[in-house]
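# A look at the structure
The lines below spell out each chain.
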Amino acid sequence: MAKKRIKYFCMLMSDILMVYLSDLLAWGLLFGFTEISKHWTFWRVPVILPLAVIIFECSMYVGKIRRNMGTQIGSKDVFCTAISAVLAVVLPALLVKLATITPFVFSHSMREEQRPWNELTMFGVLLFVFTLLIRFAFRGAVDWYARRRECRMPTARAQHSNWGNIMVIGGGGGESGRIVMDMLRHTGNVVKCVIDDDPGKNRLYLQGVPIVGGRESIPEHVDKYQIDTIIFAIPSCNAESKHEIFDFCAKTDCRLLTVPSLEEIVSGVHRAEVQHQ
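This brings us to the overall build of the protein chain. Along the backbone of the protein chain there are eleven helices and seven strands. The buried share of the protein chain, taken over its 277 residues, is 43%. In the protein chain, once contacts between residues fewer than 6 apart in sequence are set aside, the share between residues at least 24 apart is 70%.

What follows concerns the pattern of salt bridges. Any two side chains of opposite charge can pair, given that their charged atoms come close. Tallied over the full model, the rule gives two salt bridges. Across the salt bridge formed by aspartate 197 and arginine 215, the nearest N and O atoms sit 2.6 Å from each other. You can see aspartate 197 sitting in the loop between strand S2 (190-195) and strand S3 (205-206) and its partner arginine 215 sitting in the loop between strand S4 (209-213) and helix H9 (218-224), a full 18 residues away along the chain. Take aspartate 197: its relative accessible area is 39%, and that puts it in the partly exposed class. Taking the relative accessible area as the measure of exposure, arginine 215 reaches 15% and is therefore buried. A salt bridge links arginine 215 to glutamate 244; the nearest nitrogen and oxygen atoms lie 3.2 Å apart. Of the two residues, arginine 215 sits in the loop between S4 and H9 while glutamate 244 sits in helix H10 (residues 239-250), which places them 29 residues apart along the sequence. Ionic contacts of the salt-bridge type, sharing partners, join the residues Asp197, Arg215 and Glu244 into one network.

Once that is clear, we can look at helix H3 (residues 44-62). Given a rise of 1.5 Å per residue, 19 residues ought to cover 27 Å, and the 26 Å separating the end C-alpha atoms of H3 matches this to within 8%. If you check which residues of H3 are buried, you get Arg44, Ile48, Leu49, Ala52, Val53, Ile55, Phe56, Glu57, Ser59 and Met60.

Within the largest apolar cluster, 18 residues are counted, with the highest numbers of intra-cluster contacts made by Val19, Leu49, Phe56, Ala88, Phe123 and Leu127. Of all the secondary structure elements, the ones that give two or more residues to this core are helix H1 (2-31), H3, helix H4 (75-100) and helix H6 (117-151). Met167, Val222, Ile230 and Cys249 belong to the second-largest nonpolar core, a separate cluster that totals 17 residues.

Regular strands place side chains that alternate from one sheet face to the opposite one. In terms of residue burial, S4 counts as a mostly covered element, since five of its five residues are buried. As paired strands, S2 and S4 are joined by two bridges and run parallel to one another. Looking across to S4, one finds that isoleucine 195 is bridged to glycine 213. Summarising the sheet, S3 and S4 pair through two bridges and their orientation is antiparallel. Residue pairing in the sheet places tyrosine 205 in a bridge with proline 210 of S4.

If a residue is not glycine, its phi is most likely negative; likewise, a peptide bond is most likely trans. Phi is positive for glutamine 226, close to 55°, though the residue is something other than glycine. Checked against the element boundaries, glutamine 226 lands in the loop between H9 and strand S5 (229-232).

Okay, the side chain of threonine 131 next. Note on placement: threonine 131 falls in helix H6. Residues in contact with threonine 131, not counting those within four places in the same chain, are Asp15, Phe56, Met60 and Thr81.

What follows covers the packing of aromatic side chains. Scanning all chains against the criterion turns up one aromatic pair. With a centroid separation of 5.2 Å and an interplanar angle of 75°, the aromatic rings of phenylalanine 232 and phenylalanine 246 are classed as edge-to-face. On the criterion of sequence distance, the pair formed by phenylalanine 232 in strand S5 and phenylalanine 246 in helix H10 is long-range, its members being 14 residues apart. Relative accessible area serves as the criterion here: at 2%, phenylalanine 232 is assigned to the buried category.

Alternating residues of S5 divide into Thr229 and Ile231 and Ile230 and Phe232, and every residue in both groups is buried. The pairing of strand S1 (residues 165-169) with S5 spans four bridges and is classified as parallel. By the bridge assignment for S5, isoleucine 166 is matched with threonine 229. The pairing of S5 with strand S6 (residues 255-258) spans four bridges and is classified as parallel. Residue pairing for S6: isoleucine 230 is matched across the bridge by leucine 256. Since S5 and S6 lie parallel, the crossover through H10 that links them has a hand, and here it is right-handed.

Conventions used here
- Residues numbered from 1 in each chain as written.
- Predicted model: local features only at pLDDT ≥ 70, side-chain atom pairs only at ≥ 80, totals over all residues.
- Heavy atoms only, no water.
- Helix = DSSP H or I, 4+ residues; strand = E, 2+ residues; numbered from the N terminus.
- Buried < 20%, exposed > 50% of the residue type's maximum accessible area, 1.4 Å probe, protein only.
- Contact = heavy atoms within 4.5 Å.
- Salt bridge = Lys/Arg side-chain N within 4 Å of Asp/Glu carboxyl O.
- Expected span 1.5 Å × (residues − 1).
- Core = buried A, V, L, I, M, F, W, Y, C linked by side-chain atoms within 4.5 Å.
- Pairing = 2+ DSSP bridges.
- Phe/Tyr/Trp six-rings, centres within 6.5 Å; stacked < 30°, edge-to-face > 60°.
- Right-handed = clockwise from strand over helix to strand, strands pointing away.

Take it as geometry only, folks, not as evidence of what the structure does.
Here it is, written out as structure tokens:
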């Protein structure tokens with residue numbers, strides 16, 4: 001929990017930095033960096049940009065970007081980031097425009113805060129690009145650390161496993177799949193690929209392992225990655241989907257293991273079961 005809070009705090013600080021940096025660069029690239037003092041006025045720094053940060057963070061939270069931060073980045077995340085950047089630029093600009101046409105005491109000074117649309121457009125583009133770069137860099141650092149930790153594992157531990165190359169089904173979406181991935185890595189097993197039916201996760205990585213496709217691609221990737229063992233890690237899967245997935249697995253010569261549900265673990269009536277050799 002503490003590590004997750006630290007991660008969220010670091011990403012929040014990076015978002016705040018990106019908002020201010022994008023605003024500064026948008027002005028500098030269009031009008032020059034010599035007159036920054038004319039750009040960062042009394043209202044701009046303590047009011048308008050913090051408002052942009054709040055709108056940006058709220059939009060990212062609604063889009064649930066934080067949930068898969070650092071592990072997966074898909075088309076939905078790119079779309080939500082783009083929408084968040086647009087809202088963070090447009091809404092404060094509209095509020096400034098509204099303040100200038102209302103009979104408030106500070107309406108005259110707010111007229112100086114109106115920005116040309118080319119600057120606002122540049123601001124939004126830079127904010128979108130910088131945010132994606134930060135998240136891709138963070139995910140790359142996580143994947144690099146996972147690979148480095150795997151390389152440091154004693155090779156003797158892997159020799160005790162006779163499972164060979166492993167394919168995990170359901171590792172990209174459920175908590176049980178992630179736990180299985182962690183356990184396999186810590187015991188020296190080699191996970192070659194992950195199967196997930198969510199098309200938005202295709203070609204993403206989970207702990208450095210590629211998510212290669214849905215259930216229909218199981219036979220193809222068994223041959224491609226020379227899989228010896230398939231681990232089914234979706235305990236909550238309904239009977240119909242489970243039967244369909246097992247049919248695809250049956251088309252291979254792999255050993256098939258299933259992860260028990262929580263109820264089965266608590267009752268002690270289930271062990272990891274070999275479906276077929």
